[in-house]
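Inside the fold
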Amino acid sequence: MTLQYIVEHLSVAFGAVTGALAARGKSIDLFGVIVLGLVTAVGGGTLRDLLLDVPVFWIQDSAYVVTGFVAALLMFFSVRMLQLPNGILQVADAFFLAFVVMLGTAKTWNLGHSWPVCIVMGVATGVAGGILRDVLCGQIPMVFRSHIDLYATAAMIGTIVYLIGSAWHPKHPSNLIAGVCTILILRLAALRWRIRLPEFDPGSEH
Amino acid sequence: MTLQYIVEHLSVAFGAVTGALAARGKSIDLFGVIVLGLVTAVGGGTLRDLLLDVPVFWIQDSAYVVTGFVAALLMFFSVRMLQLPNGILQVADAFFLAFVVMLGTAKTWNLGHSWPVCIVMGVATGVAGGILRDVLCGQIPMVFRSHIDLYATAAMIGTIVYLIGSAWHPKHPSNLIAGVCTILILRLAALRWRIRLPEFDPGSEH
Amino acid sequence: MTLQYIVEHLSVAFGAVTGALAARGKSIDLFGVIVLGLVTAVGGGTLRDLLLDVPVFWIQDSAYVVTGFVAALLMFFSVRMLQLPNGILQVADAFFLAFVVMLGTAKTWNLGHSWPVCIVMGVATGVAGGILRDVLCGQIPMVFRSHIDLYATAAMIGTIVYLIGSAWHPKHPSNLIAGVCTILILRLAALRWRIRLPEFDPGSEH
């Protein structure tokens, strides 16, 4: 439980960092950076909790807001000094995606919801924050683009692995681990070998 | 009741199709098409249910999600073969708009809300999905543009017809039928004769 | 209480006017102007109430919707005749920002929430409507830009002043007055002397 809490805070902090990074080159000020950081960090879980009609996680435990705020603030002031290598960012992102998607799926499953709802909520927890961030930056969400290399698809397959496991052995921790590993492996493999979903462009020839 | 359920699923499927079509020419991949499809299909009803604080309809009955998902998926793979004539799309759209707006209005009215809230919820059920779709695609919502030819206005007049009828004969089915017909006739007439709302452009002369 | 109710309606009306003004020069029609007006006027409070899981204020008392609707409608038809001086708009905006932020903070505080949640809700009540308006208009939110001259920052410092006062003398009206004055003075001073937050632009030199 304590390990989960620490990883949850790390994932909020990391989300805030990627949200802040999205503000580069757009004449966005400190407040904008903090909002983009917080929205990326807690947006997916907030949407999930609103839709499921359960208390929003960061309103119950506002330590998440503080973590996201501090992470975005530190990013704002350190970005000129820091050189974050893209590779490390992507591996960390894959890890937190896997973790956050699995927690969202498990929360929904434990509330007794059906498979399709669990899949939607798991994926939404992982990608909705980034979608909101991109919309606020005036861009088509990155996760809708094929050059993202299996982001939401990896999340979705991971939730399905978890759900199959949960139908077999309900509440067994190996379901979560299997789901996390599936997402991590798929995402990293997709990054390594540029595995992509087909694009939707009826005008062009294949 | 069964007829209503079938038409509801058809309207979700149709929403998903129009959402998927909006992805054309934007380098959006399969996942993006499915999200745009689902958001267009269930976005209006989701916003309505969140605002009214009732359980979200597709979380209670996840068959709606499956319908929207399958419709967007089929659209993705069939769009190269299919030639959907614009005229048929617009007539189908007018029909589902009328249907969805009336259901949203009736749901709100049956919960005991006031006229202004019923009008907002009825119109929002009909247009919010499309607004979300356009925002996700990085465009000013189509329904805000005068060349749409009385879309939301038709919806609003239909809800008012329903509410006047309901004040007279509460729960009488003819109220719904009158509302649906009002929206259908207004929308199709507006398409036929290019009836439009005035634009807001203080800079230009009239 | 009656004075508060009047100022609340004035702030909704003013929000609707600024929302309508944002539609200029974008080929947006009457319906779009009304939606932009309503979203700007009630968007922040709606987000706050959804997140706090309390009934949405304009669904409980739909007079707010009517006020916002009428204000946007009047703006639509009078904008060609009216010449609203920018200075007066900004001073009125600062006043309503201060008022709305303080009401949002007090509502959250009175529900027993923690400091970070009160700060987020206070600021969100004041700025989320404008953020939604800008996203619907296809723009990066104005409040994220440094040339706004301490908008959200003034709001945040005002909520902190209120919270410090409330920790000392709970429910004392002077807390609200101190918060309102803080926001007003900071915002007007920032406008007068062009006080700004630093921008986030790692590429450029300082």
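Along each chain, residue indices are assigned from 1 in the same order as the chain's sequence is written. Just so you know, chain letters begin at A and ligand numbers begin at 1, following the order they were written in. Reporting of local features is limited, given that this is a predicted model, to residues whose pLDDT is at least 70; pairs of side-chain atoms are given and counted only at 80 or more, and all residues count toward the totals for whole chains, interfaces and linings. Hydrogen atoms and water are omitted, and side-chain values are computed over all heavy atoms in the structure.

Examining the overall build of chain A
Where we set the bar: The helix and strand labels rest on DSSP assignments: H or I over at least four residues marks a helix, E over at least two residues marks a strand, and numbering proceeds from the N terminus. C-alpha atoms define the radius of gyration in this analysis, and the globule rule sets the expected value at 2.2 Å times the number of residues to the power 0.38. We call a residue buried when its accessible area falls under 20% of the maximum for its residue type, exposed when it is over 50%, and partly exposed in between, using a 1.4 Å probe and counting protein chains only.
Looking only at helices and strands, chain A features eight helices and two strands. Ordered by position in the sequence, the α and β elements of chain A form the string α-β-α-α-α-α-α-α-α-β. Relative to the globule expectation of 17 Å for 206 residues, the C-alpha radius of gyration of chain A, 17 Å, shows essentially globular dimensions. Counting across all 206 residues of chain A, residues that qualify as buried make up 58%.

Quick look at the relation of the copies chain B and chain A
To keep things clear, this is the line we draw: To superpose the copies, least squares is applied to the C-alpha atoms of every residue with a pLDDT of at least 70 in both. Any two residues whose heavy atoms approach within 4.5 Å at even a single point are treated as in contact.
Between chain B and chain A, the superposition needs a rotation of 120° and an axial shift of 0.0 Å, giving an RMSD of 0.0 Å. In short, the pair behaves as if placed about a three-fold rotation axis. Within chain B, Gly138 of chain B has its C-alpha nearest the rotation axis, a separation of 3.7 Å. Interface overlap between copies is the fraction of interface residues in one copy that are interface residues in the other; for chain B against chain A it is only 9%, indicating separate surfaces.

So, the confidence of the model for chain A
Residues and elements named next belong to chain A. What counts here: Note: pLDDT gives the predictor's confidence per residue, expressed from 0 to 100.
Per-residue pLDDT for chain A averages 90, and the proportion of residues at 70 or more is 97%. Confidence, expressed as mean pLDDT per element, reaches its minimum in chain A at strand β2 (residues 199-200) with 79 and its maximum at helix α3 (residues 57-60) with 96. As a predicted assembly, this complex carries a pTM of 0.93 together with an ipTM value of 0.91.

What to know about the environment of Arg196 of chain A
All names here are of chain A. Applied cut-off: Two N or O atoms form a polar contact when they lie within 3.5 Å of each other; inside protein one atom must be a possible hydrogen donor and the other a possible acceptor, and for residues adjacent in sequence the pair counts only when both atoms belong to side chains.
Within the element layout of this structure, Arg196 appears in the loop between α8 (173-193) and β2. Along the backbone, Arg196 and Thr153 are 43 residues apart, and their C-alpha atoms lie at a distance of 9.5 Å. When neighbours within four sequence positions are excluded, Arg196 is seen to be in contact with Ser146, His147, Asp149 and Leu150. Polar contacts involving the side chain of Arg196 include one to the side chain of Asp149, which spans 2.9 Å.

Topic: the interface of chain A and chain C
Counted only if it meets this: Whenever a carboxyl oxygen of Asp or Glu lies within 4 Å of a side-chain nitrogen of Lys or Arg, that contact is scored as a salt bridge. Charged residues are taken to be Asp, Glu, Lys and Arg, nonpolar residues to be Ala, Val, Leu, Ile, Met, Phe, Trp, Tyr, Cys and Pro, and polar residues to be all remaining types, Gly included. Pairing between two strands is assigned when DSSP locates at least 2 bridges connecting them.
The interface of chain A with chain C comprises 33 residues on the first partner and 29 residues on the second. Along the contact surface separating chain A from chain C lie zero salt bridges. Among the elements that make up the side of chain A that touches chain C, the one with the highest residue count is helix α2 (residues 30-52) of chain A (eight residues). Split by residue class, the side of chain A that touches chain C holds 22 nonpolar, six polar and five charged. Direction of pairing for strand β1 (residues 28-29) of chain A relative to strand β2 (residues 199-200) of chain C: antiparallel, over a ladder of two bridges. Following the sheet pairing, Ile28 of chain A is matched in β2 of chain C by Phe200 of chain C.

Considerations on the interface of chain B and chain A
Heads up, the rule is: When two components associate, each loses some accessible surface as probed by a 1.4 Å sphere; the sum of these losses over both components is called the buried area.
Contacts between the two partners involve 33 residues from chain B and, on the opposite side, 29 residues from chain A. Roughly 2,600 Å² is buried in total at the junction of chain B and chain A, and carbon and sulfur atoms are behind 74% of that figure. Inspection of the region where chain B meets chain A yields zero salt bridges. Taken together, the connections running from chain B to chain A amount to four residue pairs in polar contact (both at pLDDT 80 or more). For the side of chain B that touches chain A, the secondary structure elements donating two or more residues are α1 (2-21), β1 (28-29), α2 (30-52), α3 (57-60), α4 (63-78) and α6 (115-136) of chain B. If one sorts the elements of the side of chain B that touches chain A by residue count, α2 of chain B sits on top with eight residues. Of the residues that constitute the side of chain B that touches chain A, the class distribution is 22 nonpolar, six polar and five charged.

As for helix α4 (residues 63-78) of chain C
Selection rule: A helix is expected to span 1.5 Å for every residue after the first.
The terminal C-alpha atoms of α4 of chain C lie 22 Å apart, and with 16 residues this matches the ideal 22 Å at 1.5 Å per residue to within 8%. Among the residues of α4 of chain C, those classed as buried are Tyr64, Val65, Gly68, Ala71, Ala72, Met75, Phe76 and Ser78 of chain C. Packing partners of the buried residues in α4 of chain C comprise α6 and β2 (199-200) of chain B together with α1 (2-21), β1 (28-29), α2 (30-52) and α3 (57-60) of chain C.

Notes on the pattern of salt bridges
Residues and elements named next belong to chain B. Enumeration over the complete set of coordinates arrives at 15 salt bridges over all chains. The salt bridge partner of Asp149 is Arg194, with a shortest N-O separation of 2.5 Å. Of this pair, Asp149 sits in the loop between α6 and α7 (152-168) while Arg194 sits in the loop between α8 (173-193) and β2, and the two are 45 residues apart along the sequence. Residue Asp149 is classed as buried on the basis of its relative accessible area, which comes to 2%. Linking Arg196 and Asp149 is a salt bridge whose minimum nitrogen-to-oxygen distance equals 2.8 Å. Of this pair, Arg196 sits in the loop between α8 and β2 while Asp149 sits in the loop between α6 and α7, and the two are 47 residues apart along the sequence.

Considering the relation of the copies chain A and chain C
Once turned by 120° and shifted 0.0 Å along the axis, chain A lies on chain C with an RMSD of 0.0 Å. A distinct binding surface is used by each copy, with only 9% of the interface residues of chain A retained as interface residues in chain C.

Regarding the packing of aromatic side chains
All names here are of chain A. The condition that has to hold: Classification of ring pairs rests on two measures: the distance between centres of Phe, Tyr or Trp rings, Trp counted by its six-membered ring, which must be within 6.5 Å, and the angle between planes, read as stacked under 30 degrees, edge-to-face over 60 and tilted in between.
Overall, the coordinates contain 18 aromatic pairs over all chains when judged by the stated rule. For the pair Phe57 and Tyr64, a centre-to-centre distance of 5.2 Å together with 70° between the ring planes defines the contact as edge-to-face. Per residue, the accessibility class of Phe57 equals that of Tyr64, and both read buried. Through a chain of ring-to-ring contacts, the aromatic side chains of Tyr5, Phe57 and Tyr64 assemble into a single cluster.

Quick notes on the packing of α2 of chain B against helix α5 (residues 86-110) of chain B
All names here are of chain B. To keep it simple, the criterion reads: Angular values range over 0 to 180 degrees, each being the angle between N-to-C directions of two axes fitted as lines to C-alpha atoms, with helices fitted over their stretch in contact. Note on angle classes: values under 35 degrees are labelled roughly parallel, values over 145 roughly antiparallel, values of 65 to 115 roughly perpendicular, and the remainder oblique.
Two elements in contact, α2 and α5, have axes whose closest approach is 11 Å; the angle formed by their N-to-C orientations is 10°. Regarding the angle of α2 to α5, the classification is roughly parallel. Each of Arg48, Asp49 and Leu52 in α2 lies in contact with α5, whose residues at this interface are Gly104, Lys107 and Thr108. A breakdown of the residues in the contact of α2 with α5 according to their chemical character gives one nonpolar, two polar and three charged.

Let's talk about the nonpolar core
Grouped burial of nonpolar side chains is what soluble globular proteins tend to show. Operational definition: In this text, buried Ala, Val, Leu, Ile, Met, Phe, Trp, Tyr and Cys residues form a nonpolar core when linked through side-chain atoms within 4.5 Å.
Within the largest apolar cluster, 210 residues are counted, with the highest numbers of intra-cluster contacts made by Trp58 and Phe144 of chain A, Trp58 and Phe144 of chain B together with Trp58 and Phe144 of chain C. With residues up to four places along the chain from it excluded, the contact list for Trp58 of chain A reads Val42, Thr46, Tyr64 and Val65 of chain A together with Leu51, Val117, Val120 and Met121 of chain C.

Regarding the packing of helix α5 (residues 86-110) of chain A against helix α6 (residues 115-136) of chain A
Residues and elements named next belong to chain A. So the rule is basically this: A clockwise turn of the near helix away from the far one marks a right-handed crossing, whereas an anticlockwise turn of less than a right angle marks a left-handed crossing.
Between α5 and α6, the shortest axis-to-axis distance is 7 Å and the interhelical angle comes to 145°. Considering the relative orientation of α5 and α6, their crossing is right-handed. For the pair α5 and α6, contact is made by Leu97, Val100, Val101, Gly104, Thr105, Thr108 and Trp109 and by Trp115, Val117, Cys118, Met121, Gly122, Thr125 and Gly126, respectively.

What to know about unusual backbone geometry
Residue and element names in this part refer to chain B. At Asp53, a position not held by glycine, the phi torsion is positive, near 60°. One can find Asp53 in the loop between α2 and α3. Unlike most non-glycine residues, Asp149 shows phi in positive territory, near 65°.

Re a nonpolar patch on the surface
What counts, and what does not: Exposure above 30% relative accessible area and the absence of a salt bridge qualify a residue for a patch, where like charges join within 9 Å and nonpolar side chains (Val, Leu, Ile, Met, Phe, Trp, Tyr) within 5 Å. The Shrake-Rupley method, run with a 1.4 Å probe, gives the accessible areas here. Residue values count only the displayed protein chains as cover.
On the surface, Val66, Val70 and Leu74 of chain A cluster together into a nonpolar patch covering about 240 Å² of accessible area. Note that Val66 of chain A resides in helix α4 (residues 63-78).

Some points on the side chain of His113 of chain C
Its location among the elements puts His113 of chain C in the loop between α5 (86-110) and α6 (115-136). Not counting residues within four places of it along the chain, the set of residues in contact with His113 of chain C comprises Ile59 of chain A together with Leu52, Thr108 and Cys118 of chain C.

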